[in-house]
Amino acid sequence: MNPELEFSPDRMRQIGYRVVDRVVEHLATLSSQRVGTKGDPAALLTALAEPVPEQGMEFEAVLDQVERQVLANTMHVNHPRFFAYVPGPGNFVGAMADALISGYNVFAGTWISGSGPAALELTVLEWLREICGLPTSAGGVFVSGGTLANLTALAVARQVKVTSPLENATAYFSDQAHSSLEKALRVIGLPERNQRKLPSDASFRISVQELARRIEQDRAAGEHPFCVIASAGTTNTGAIDPLPELSALCRAHDVWLHVDGAYGAAAVITERGRELLVGVQLADSLSLDPHKWLFQPYEIGCVLVRNRDHLRDTFRILPEYLKDTQQHTAEFNFTDYGLQLTRNFRALKLWMSIKVFGLAAFRAAIERGFVLAGFTEACLRGMPGWEIVTPAQMGIVCFRYAALDDAAHLNLVQMLLEDGFALITSTILRGRTVLRTCTINPRTTEADIQSTLERLDRLAGGSACPTQT
Ligand SMILES: Cc1ncc(COP(=O)(O)O)c(C=O)c1O
């Protein structure tokens, strides 16, 4: 029995080294491993079901079980041939920062408990603000990911713009907006009938004309348009909504502009990203996920708000047991700027990895994602039978094998899952099932892409093998 829940310093070191050894071994051999494994639900649940253990056991035995039964049944989202969804390339410095954060168990909710962390978080937020081109009035908060960033932003939008009853408030977004936005609208209490999901145009972008028409129509009918949600890199195709035009429209109608850049906004640090993301700095609020295209381990998302006071107006409540956190006005309490009171110190991993690698390395890593998507598209164009549905855009390519129907494309994904060499998943565009690659892992090689596409072609029954280098 170990009622202090504690080990000697030597044993802690031993345990720590065992964990680091496993992580390093995993990362160093990732490319030669399967892309991951999806476990059978019944088998996994049976294997893991047990009564709560009354007595403890050796750490090593538990670690072994974790590796065999749990980690072995995951998709390695940082694998160089994981092209599904939005990969999570991560980075080792970020992982070590997470270990530090947990080891110290840093409380990053109030200045009194975590002044150093709060100062550092403000510094990193300031970096992101500057990178995105928002004015100095802007501020933000780190949250678990894009979903919470979007929820936080929409809660602020409601607080600032909705003075009339919520029943009349209307929000606008395209059919390509991420599902987390609809979830957020539901959570802030916006009735579904007030959610205007507009059909996207031929390039999967929101149509400004149609949006203007709907806003005017709603206004005339006595509704209160309060928020337009734009995407800066949709999950499906990487499409970027026309941000400058949307901003002008929103200003003209006194409507909040939220930009969901959870996936794409980080690309603004590259030259081509900056050109594509023109107008991102005009957002009233902006989501940006460092755990996507800024290569951080989960969970770190960020929301920036043009006027940081709006965040505080939305979230600050001061109960009696937190009064001594608020004695000094210069002290910054992140709990006043978001939903969480107890919150961990996510900012550290982004700060440490930018300090260690330098922003130039991040810029090159993002640029590599653009290059690899272009390479993927070029390979596919050289493969008979395959057609590009949406060209390389923000690291994403959508494509089909012309001779196969929707069900056969879904079947291809299943075959890839079983095969284990690489993973590509599907989505639906204009009612048709398509395959989709997202190539933002900077450790992916051209050979990884070629060999994956060759395999896919064989599975599809095609005769093409990309020969391009
Ligand atoms: C555009 C976009 N917004 C929001 C999200 C949700 O982010 P998270 O999964 O971090 O909650 C995603 C996730 O892929 C996304 O691609």
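Look above for the structure.
None of these values were measured; they are calculated from a predicted model.

(A) Highlighting the site of the ligand. Taken together, 15 residues are adjacent to the ligand, and Gly146, Thr147, Thr235, Asp260 and His291 come closest. Within the side chain of threonine 235, one N or O atom sits 2.9 Å away from an oxygen atom of the ligand. Within the side chain of aspartate 260, one N or O atom sits 2.7 Å away from a nitrogen atom of the ligand. Here the ligand loses 83% of its free accessible area of 390 Å² to cover by the protein chains. Within the residue set of the shell around the ligand, elements represented by two or more residues are helix H6 (146-161) and helix H11 (290-293).

(B) Highlighting helix H4 (residues 92-104). Look at H4: 18 Å from first C-alpha to last across 13 residues, which is about the 18 Å you get at 1.5 Å a residue. Buried residues of H4: Val93, Gly94, Ala97 and Ile101, and no others. All buried residues of H4 fall inside an arc of 95° around its axis, so they share one side. Pointing more than 90 degrees away from the buried face of H4 are the exposed residues Ser102 and Gly103. Among the structural elements, helix H13 (347-357) are those in contact with the buried residues of H4. The opening residue of H4, the one whose side-chain oxygen lies 3.0 Å from the backbone nitrogen of valine 93, is asparagine 91. Downstream of H4 by a residue or two, asparagine 105 has a phi angle that is positive, lying close to 50°.

(C) Main features of the pattern of salt bridges. One pass over the structure, following the stated rule, counts 23 salt bridges. In this structure, aspartate 64 engages arginine 22 in a salt bridge whose closest nitrogen and oxygen atoms are separated by 2.9 Å. With a gap of 42 residues between them, aspartate 64 in helix H3 (residues 59-70) and arginine 22 in helix H1 (residues 9-28) connect regions that are remote in the sequence. Residue class for aspartate 64 comes out partly exposed when judged on its relative accessible area of 34%. What makes arginine 22 partly exposed here is its relative accessible area of 26%. A single network of salt bridges, built from pairs that share partners, joins Arg11, Arg18, Glu58 and Glu60.

(D) Examining the packing of aromatic side chains more closely. On inspection of all chains with the given rule, the structure shows eight aromatic pairs. With centroids separated by 5.3 Å and ring planes inclined at 10°, the aromatic side chains of tyrosine 263 and tryptophan 293 adopt a geometry described as stacked. Taken together, the positions of tyrosine 263 in the loop between strand S5 (256-261) and helix H10 (271-276) and tryptophan 293 in helix H11 put the pair 30 residues apart, joining distant regions of the chain. Residue class for tyrosine 263 comes out buried when judged on its relative accessible area of 3%. Overall, the relative accessible area of 0% leaves tryptophan 293 in the buried class. One aromatic cluster is present, built from ring pairs that chain together Tyr263, Trp293 and Phe370. Residue placement shows arginine 81 over the ring face of phenylalanine 421; its charged tip is 4.0 Å from the ring centre. Its guanidinium or amino end placed over the ring of phenylalanine 421, arginine 455 lies 4.2 Å from that ring's centre, counting from NZ or CZ.

Definitions and limits used
- Residues numbered from 1 in each chain as written.
- Predicted model: local features only at pLDDT ≥ 70, side-chain atom pairs only at ≥ 80, totals over all residues.
- Heavy atoms only, no water.
- Near = heavy atom within 4 Å.
- Polar contact = N/O pair within 3.5 Å; in protein donor to acceptor, adjacent residues only side chain to side chain.
- Areas by Shrake-Rupley, 256 points an atom, 1.4 Å probe, with all protein chains shown as cover.
- Helix = DSSP H or I, 4+ residues; strand = E, 2+ residues; numbered from the N terminus.
- Expected span 1.5 Å × (residues − 1).
- Buried < 20%, exposed > 50% of the residue type's maximum accessible area, 1.4 Å probe, protein only.
- Arc of directions from axis to C-beta.
- Contact = heavy atoms within 4.5 Å.
- Salt bridge = Lys/Arg side-chain N within 4 Å of Asp/Glu carboxyl O.
- Phe/Tyr/Trp six-rings, centres within 6.5 Å; stacked < 30°, edge-to-face > 60°.
- Lys NZ or Arg CZ within 6 Å of the ring centre and 35° of its normal.

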